[in-house]
Amino acid sequence: MELIRKSVAKHTQRFDPNNPQDFIDHYLVKIRNTTNPTSTFHGENGAKNLEAVVADLFAAGSETSSNTLSFAMLYLILNQEAQQRAQKELDFVIGSSRQVSLSDKPSLPYTEATLLEILRLSSIAPLGLPHRMLADTMFHGYFLPKDVAVFSNLYAIHHDPTIWGEDVNEFRPERFLSEDETRVIHHEALMPFSVGRRACIGEVFARESLFLFLASILHRFNIESDPECLVLAVETVAGFAVEPKPFKFVLTLRN
Ligand code: HEM
């Protein structure tokens, strides 16, 4: 919380309401313009809520992203062919004289499909978050009483062979590509951020930042197992959020 307080204090010091730069600045503008004392943005309450919201975003956004990247390293160590194919695409589209940028994403379908396959197989939020039924409801023949907690089994959806085929457990980014492999296909059963009104609020940010991390790492480095600590399979620590068991790997600068 100290880190967040410091960051908010820094923003407050250099605050220019005519030139908000980021989320905290925009929130400060909203606090400043709120005159209704019952509003959650008003006065001291508004300032407390700002810290709580930043803490929420930090908590919900940091381990989810870092765990996904750890899974990315694991899957790419174990699937060298996919790694090389993404690197070939990156070399062709980006070359060696500049860095990857988000505007390159539409020209890097295989790299994006690789990220989608990592999100599917890792399913780091396997049960999403619990939701409470607001009313007695019949759903596909099941009675869901008011107030019970409902979980969506995203892991099961992502590993259902009737949806993905018999090779459901294989790492195959091509499943997210059009037949001619020039476009990414957005499969409606891929829902790592869940769906509906309470779906992950950080989805766009996560998709874009993970794409940039993954593409930049693949562009510059080869990802390999540490010879003294070989990775032979994906092993996870199960919990509310899934993470890989600790492992070592080697990044070698590409020429
Ligand atoms: C790989 C990255 C991520 C995954 C897989 C992920 C997944 C999820 C899932 C499954 C939910 C539950 C949705 C539901 O209740 O139906 C959720 C909620 C949420 N996520 Fe993410 N998330 C990721 C990254 C982020 C990031 C980067 C942020 C913030 C910057 C974030 C902020 C949140 C917040 C605030 C909620 C609660 C939303 C609400 O209750 O309305 N997440 N996320």
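The model shown is predicted, which means the values in this text are computed figures rather than measured ones.

What counts and what doesn't
Residues numbered from 1 in each chain as written. Predicted model: local features only at pLDDT ≥ 70, side-chain atom pairs only at ≥ 80, totals over all residues. Heavy atoms only, no water. Helix = DSSP H or I, 4+ residues; strand = E, 2+ residues; numbered from the N terminus. Buried < 20%, exposed > 50% of the residue type's maximum accessible area, 1.4 Å probe, protein only. Lys, Arg positive; Asp, Glu negative; His and termini not counted. Salt bridge = Lys/Arg side-chain N within 4 Å of Asp/Glu carboxyl O. Contact = heavy atoms within 4.5 Å. Near = heavy atom within 4 Å. Polar contact = N/O pair within 3.5 Å; in protein donor to acceptor, adjacent residues only side chain to side chain. 1 Å grid on protein atoms, 1.4 Å probe; cavity = no way out; pocket = protein on both sides within 12 Å on 5 of 7 lines; lining within 4 Å. Sits in = over half its atoms within 2 Å of the grid points. Nonpolar A, V, L, I, M, F, W, Y, C, P; charged D, E, K, R; others polar.

Q: Got a minute to help me understand the side chain of Lys105 in this structure?
A: Mapped onto the elements of the fold, Lys105 is located in the loop between α4 (80–94) and α5 (109–122). Buried and unpaired, Lys105 has Glu112 as its nearest opposite-charge partner, separated by 4.2 Å. Contact partners of Lys105, with chain neighbours within four places excluded, come to Glu112, Arg207 and Phe211.

Q: How should the site of the ligand be read in this particular structure?
A: Taken together, 23 residues lie around the ligand, and Thr68, His131, Ser194, Arg198 and Cys200 are the ones closest in. His131 has a polar side-chain atom sitting 2.7 Å from an oxygen atom of the ligand. According to the grid-proximity analysis, the pocket containing the ligand is the largest pocket. Tallying contributions element by element places helix α3 (residues 43–78) first for the shell around the ligand, with 6 residues. Of the residues contributing to the shell around the ligand, the split by class is 14 nonpolar, 8 polar and 1 charged.

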